Structures are given as structure tokens and as C-alpha cells.
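Listed below, chain by chain, are the residues.
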Amino acid sequence: MDAKDVRKLREEALAGHDGRAAEIDKWSKDHGGAHHRVNRYASKVNPQALNALCDYIQGVLERVVLPDSLALLEILNYLRHYNFTETDEAGRDSSEFSLAVSEIEVALGHFQRDTAAALRYLVYRHSVKKNNRNYQVRAFPTFLYVEAALACNLMCTMCYQSDPKMQAMIKDSEKTMMDWDLYTKIIDEAASHGLCGIIFAGRGEPTLNRRFTDMIKYAWDKGILDIKFNTNVMKLTEKMVCDWLSMNAPLTVVFSVDAADKEGFEAIRLGASFEKVVANIEMFNRIRKEEFPDTPVRTRVSMTLFQDNQDPEAARKLWGSLVDEFTAKNARGEQSGSIYQNDLSGSPKNISPDVKCRVLFDRLYVWCDGKVNPCEDDYMSKLVVGNAYQSSLKDLWQGPAMMKMRLAHLNGKKNSCYPCNGCNGY
């Protein structure tokens, strides 16, 4: 597909955005709402290694009393009876504490290198699974989403990049890439509070930021143990892959691929080349196999479902030999722009008024221009609580704007917040 054809498709996508957002929202609801299910192709958990980790935790609990001793005791009892047949992203749909096989693998990887890091990681995952379900507010977010880039090299038809309002905002933005000084300020503060998890995600493609690899390394060197990012794969280079793998960090690299065939893929991801994406994932896998066979890096293909002609089973088979995990998830209509739309009568939406949204209790999103937002779906930043250039993240997390939203949600007044009134909640 030449540049002229891509330009025409992008213009059509922008023109049809509002109708498509409503269609995606309806499709998702008709298909049971948004589901996020991660499946391992094969487990690498060694039962003997897991027993050694359990013995170590038990020894620690017998020797000393730690602030996290109760959490470690629950973790220990869970691991002693771990179900190795559970290969899904456990715990997402349960009020009970649980860990996925992939999380066990990461914990064991830390245990081999640094026993203290293994305990920190497990307590952090315990907090992720437990605290936000109980609507508890810690002194600092459990994890951060950091937007390395606002700009994107593609325009995907289910994404906010296909919203004309978003494109106008990008055009008017002074910053479309996060500055290094802002990034280090964020990470330094986060590390001082013992943050364990960071996800490079947001509204753009992170690999467009020239210092993206430096950003990953800086976070890892500062003691952040769980680092994940999504990429559309188009900008991957051999140097990039080698640099990531050579860090010996347990990165989770998520390749966003929404179809198993060229025609379907390129109709969704406007400006992408299916052949190039396949070749780059093959390149990543080859380098990992040949040069870094013991790397703790894991890879995942993530497929967003929003139309009937997508075939997740065909995609799962296609990527089985090239990545560690596969997920096919129904789209969130909110992320396509429906969150800002009125209902069919033209009145403001009043969706799920009694829902208490968990994202207010465990995370913050820091956009590349420093704006701090509580929610990724609010890509136009109507809920912005401040700016990381001027304020500390701790002050914003504990500040009146965040507290006002939390109280509204807890008191059954979620829909007094815009655009929360157009969202089903997390």
C-alpha cells in the first residue's frame, strides 16, 4: 500500500471516528464487555525452584518481623499450594489473591539474582491484586503508566489516534515526546517511594522517543522490578532489541498485532506493514534465541478484538513459535472515544453509576507533557489533577482532586465526574 492510499484511509478513519466509536462500544457490550486474558504457550516454572523460594520466605518470616509479614504469609500459603495448570492471567476476575504462571516465573528470576528483590516483587504483586479491590489508598501509587510519546507512526481504527480531536491536540502540543529531565524526575521520586512497577503506555508509540531504551535502563537501574511496554513493532531495530535483552531485566515486551492476515491487519493498523511486523518479531525471537538464551525478558502478542472478522485462534497459532504469551481482548469502547459521547437522545450518559473504579486507587498516568491523569481512557485529559513539572506525584496522588474523585466513586456518585459518566469502570 503506497503513501497516497494510506493517507486516504487515514482521512476516512478520521471522518468516520464518531460513528465507529459508537459501533465499537456496542460490539464490546454485545460480546460480554472488555476481557483481558493472557495465556502462556508453555510454563517455565520449575517446582523445585518454587519450593526453594517458599522455604526462603518461611525462613524470613521465622527470623524477623517485617512491615509486609502478613502479605508474605498469605503469599507463602498460596505458593505452597500453587496450581500449575493455571496458565491464565490469574486474579483479574477474582476477589481472592492469585498469581499467574508468568508472575511466578518473574519472581523466580528475581530470586536467582537477588532474594530481597524477589520478596519486593511478590509483595508488590500482592498489593496490585488485593489493595485496589479493597479500595485502599497507599501513600504512593502501586504502579505508574508513563507516556514516552504522544505521537504515533500509525493510526489504528479502534484507537484514540483516529479521533480528530486527538489529532488536533497533537498538532497543537508543544511536546509530543517526554523530556529526559521530566522522566528522571518522575523515576527518582517513584524509586524513593519504593515503586516496583512501571508501564510505558499511553497515547503514542514509545519507540519513537529517541531515549526510550535509556528510559527503560534508568528505571531498571533505579530498582524498578516490573517494567512493561507495548509497541506496534514497526520501528524495532536489531540494536534496540540487543540493548533491551542485554539489560538482563525481566521486561515484558508486548507486540500489538490485531489480525493473523495481511488484509485484516493493514485495514486496522493504517500505515503498518504486516510483512515488516512479522519480520521484526522473528528478528526479536532470533536474537533472543541465539545471543541471549537465558534472558528474563518475556514477549507477548496482544490482539484487540472489536469486529467479527478477527480470528484470535488463527493469531494464536501464528505466533506460537515466536512469543511466550498471547492475549486476545475485547476492545474497551471508552478507548475508542465513546467515553466523551452523549447517549442516543443527546443527553449525557449515565453508565454504571454505582461502579467504584479501581484505577483511582492504584495508579497514575503521566503524559509526555507532564500532565497527570488518573485514567488512560480519558485521553483528552478532562480529569487531569496536575502537572509533574510543577508538583510531586505524591502530592498529586494524595491531593484534593484525586480524593474528590475517589469519594464520588465510593459514595455512588461516579457519574458526577466527567467523563466517568460515559465509562463502565475498571
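Preceding this paragraph is the structure being described.
Within each chain, residue numbers correspond to sequence positions counted from 1 in written order. Local features in this predicted model are restricted to residues of pLDDT 70 or higher, and side-chain atom pairs are both shown and tallied only at a pLDDT of 80 or more, whereas totals for entire chains, interfaces and linings draw on every residue. Side-chain numbers come from the whole structure's heavy atoms, not from hydrogens or water.

Quick word on the pairing of strand β8 (residues 298–305)
For each residue, the accessible area found with a 1.4 Å probe, counting protein chains only, is set against the maximum for its type, and the residue is called buried under 20%, exposed over 50%, and partly exposed in between. Secondary structure elements follow DSSP: runs of H or I of four or more residues count as helices, runs of E of two or more count as strands, with numbering from the N terminus. Counting buried positions along β8 gives eight out of eight residues, so the element sits mostly inside the fold. At least two DSSP bridges between two strands are needed for those strands to be called paired. With five bridges connecting them, strand β6 (residues 251–256) and β8 associate as parallel partners. Residue Phe255 lies in a different strand from β8, and its bridge partner there is Val301. As paired strands, β8 and strand β9 (residues 325–330) are joined by six bridges and run parallel to one another. Paired with Leu305 across the bridge in β9 is Asn330. Note on the crossover from β8 through helix α13 (residues 312–319) to β9: the handedness is right-handed. Classification remark: right-handed applies to a crossover when, strands pointing away from the viewer, the course from the first strand over the helix to the second runs clockwise.

Details of the pattern of salt bridges
Just to be clear on terms, a salt bridge is a Lys or Arg side-chain nitrogen sitting within 4 Å of an Asp or Glu carboxyl oxygen. This structure, assessed with the given rule, holds 24 salt bridges. A salt bridge links Asp25 to Lys29; the nearest nitrogen and oxygen atoms lie 3.1 Å apart. Of this pair, Asp25 and Lys29 both sit in helix α2 (residues 17–30), four residues apart, roughly one helical turn. Among the residues examined, Asp25 registers a relative accessible area of 9% and is labelled buried. Assessed through its relative accessible area of 43%, Lys29 is described here as partly exposed.

With respect to the layout of surface pockets
Buriedness for pockets is judged along seven lines, at least five of which must meet protein on both sides within 12 Å for an open set on the 1 Å grid over protein atoms alone, while cavities are sets there where a 1.4 Å probe fits but cannot get out, and lining residues have an atom within 4 Å of a point. Grid points are joined across faces, edges and corners, and a volume is the space filled by probe spheres set on the points. Its boundaries defined by the atoms lining it, the second largest pocket holds a volume of some 580 Å³. Lining the second largest pocket are 27 residues, and of these Lys44, Glu105, Asp294, Thr295 and Pro296 lie nearest its centre. Of all elements in the fold, only α5 (101–113) and α12 (274–291) reach the threshold of two or more residues within the lining of the second largest pocket. Ranked by residue count, the leading element in the lining of the second largest pocket is α5, at six residues. Gly counts as polar in this scheme, as do all residues outside two lists: the nonpolar Ala, Val, Leu, Ile, Met, Phe, Trp, Tyr, Cys and Pro, and the charged Asp, Glu, Lys and Arg. Of the residues assigned to the lining of the second largest pocket, the class counts are eleven nonpolar, seven polar and nine charged.

Considerations on the packing of aromatic side chains
Here a pair means two rings of Phe, Tyr or Trp (six-membered ring of Trp) with centres within 6.5 Å. Their orientation is stacked below 30 degrees between planes, edge-to-face above 60, and tilted elsewhere. The full count for this structure, using the stated rule, is 22 aromatic pairs. With 5.5 Å between their ring centres and 75 degrees between their planes, Phe255 and Phe284 make a pair best called edge-to-face. Taken together, the positions of Phe255 in strand β6 and Phe284 in helix α12 put the pair 29 residues apart, joining distant regions of the chain. Residue Phe284 is classed as buried on the basis of its relative accessible area of 2%. Each member of the aromatic cluster is reached from another via a ring pair, and the members are Trp180, Tyr183, Phe200, Phe212, Tyr218, Phe229, Trp244, Phe255 and Phe284. To sit over a ring, a charge needs its Lys NZ or Arg CZ within 6 Å of the ring centre and within 35 degrees of the ring normal. A cation sits over an aromatic face here: Arg211 above Trp180, 3.9 Å from the ring centre. Its end group placed over the ring of Trp397, Arg406 keeps NZ or CZ at 4.4 Å from the ring centre.

Comments concerning the environment of Lys4
Locating Lys4 in the fold gives a position in helix α1 (residues 3–15). Its relative accessible area of 62% is what places Lys4 among the exposed residues. Taking the C-alpha atoms as reference points, Lys4 and Asn77, separated by 73 residues in sequence, lie 60 Å from one another.

Describing a negative patch on the surface
Residues Asp261, Glu263, Asp311 and Glu313 make up a contiguous surface patch of negative charge. Residue position: Asp261 is located in the loop between β6 and α11 (262–268). A residue counts toward a patch only above 30% relative accessible area and without a salt bridge, and it is joined to like-charged neighbours within 9 Å or, for Val, Leu, Ile, Met, Phe, Trp and Tyr, to nonpolar neighbours within 5 Å. To measure how exposed things are, a 1.4 Å probe is used in the Shrake-Rupley method; for residues, cover is taken only from the protein chains shown. The sign given to each residue is positive for Lys and Arg and negative for Asp and Glu; His and the chain ends receive no count. Note on charges: their place is set at NZ of Lys, CZ of Arg, CG of Asp or CD of Glu.

Quick look at the nonpolar core
In terms of nonpolar packing, the biggest core is built from 124 residues, with Leu53, Leu79, Phe200, Trp244, Phe255 and Trp319 touching the most fellow members. No other element matches helix α6 (residues 115–130), which puts eight residues into this core. Residues grouped as a nonpolar core are buried Ala, Val, Leu, Ile, Met, Phe, Trp, Tyr and Cys residues, joined through side-chain atoms within 4.5 Å.

Side note on the pairing of strand β5 (residues 226–231)
Pairing of strand β4 (residues 197–200) with β5 involves four bridges; the strand directions are parallel. Paired with Ile199 across the strands is Lys228, a residue of β5. Of the pairings in the sheet, the one linking β5 to β6 comprises five bridges and is parallel in character. Within β6, the residue paired with Asn230 across the bridge is Val254. Handedness of the crossover is the feature at issue here: the chain leaves β5, passes through helix α10 (residues 238–246), returns alongside β6, and the resulting connection is right-handed.

Notes on empty space enclosed by the protein
Counted under the stated rule, the structure contains two cavities of 30 Å³ or more. Approximately 100 Å³ is the volume attributed to the largest cavity. Of the residues in the lining of the largest cavity, the class split is ten nonpolar, two polar and one charged. A volume near 30 Å³ is recorded for the second largest cavity. Along the walls of the second largest cavity sit Val146, Glu147, Ala148, Ala149, Phe200, Ala201, Gly202, Arg203, Gly204 and Pro206, which together make up its complete lining. Class assignment for the residues of the lining of the second largest cavity results in six nonpolar, two polar and two charged.

Points about the packing of helix α4 (residues 69–80) against α6
Axis angle and axis distance: for two packed helices, these are the angle between their axes and the distance between the axes, and together they describe the pair. Running from amino to carboxyl end, α4 crosses α6 at an angle of 90 degrees, the nearest separation of the two axes being 10 Å. Taken as axis vectors, α4 and α6 run roughly perpendicular relative to one another. Contact residues: α4 offers Ala71, Leu72, Glu74, Ile75 and Leu79, while α6 offers Leu119, Leu122, Val123, His126 and Lys130. Only the stretch in contact is used when fitting a helix axis, every axis being a line fitted to C-alpha atoms; angles between N-to-C directions are given from 0 to 180 degrees. Should an angle lie under 35 degrees it is considered roughly parallel, over 145 roughly antiparallel, and from 65 to 115 roughly perpendicular; all remaining angles are considered oblique. Contact definition: two residues touch when any of their heavy atoms are within 4.5 Å.

Here's the deal with the state of the cysteines
Note on terminology: disulfide denotes any pair of cysteine sulfur atoms within 2.5 Å. Summed over the entire model, instances satisfying the criterion amount to zero disulfides. Of all cysteine sulfurs in the structure, the one in Cys423 sits closest to Cys357, which takes part in no disulfide; the separation is 5.9 Å. Cys417 takes part in no disulfide bond, and the closest cysteine sulfur to it belongs to Cys420, at a distance of 4.7 Å.

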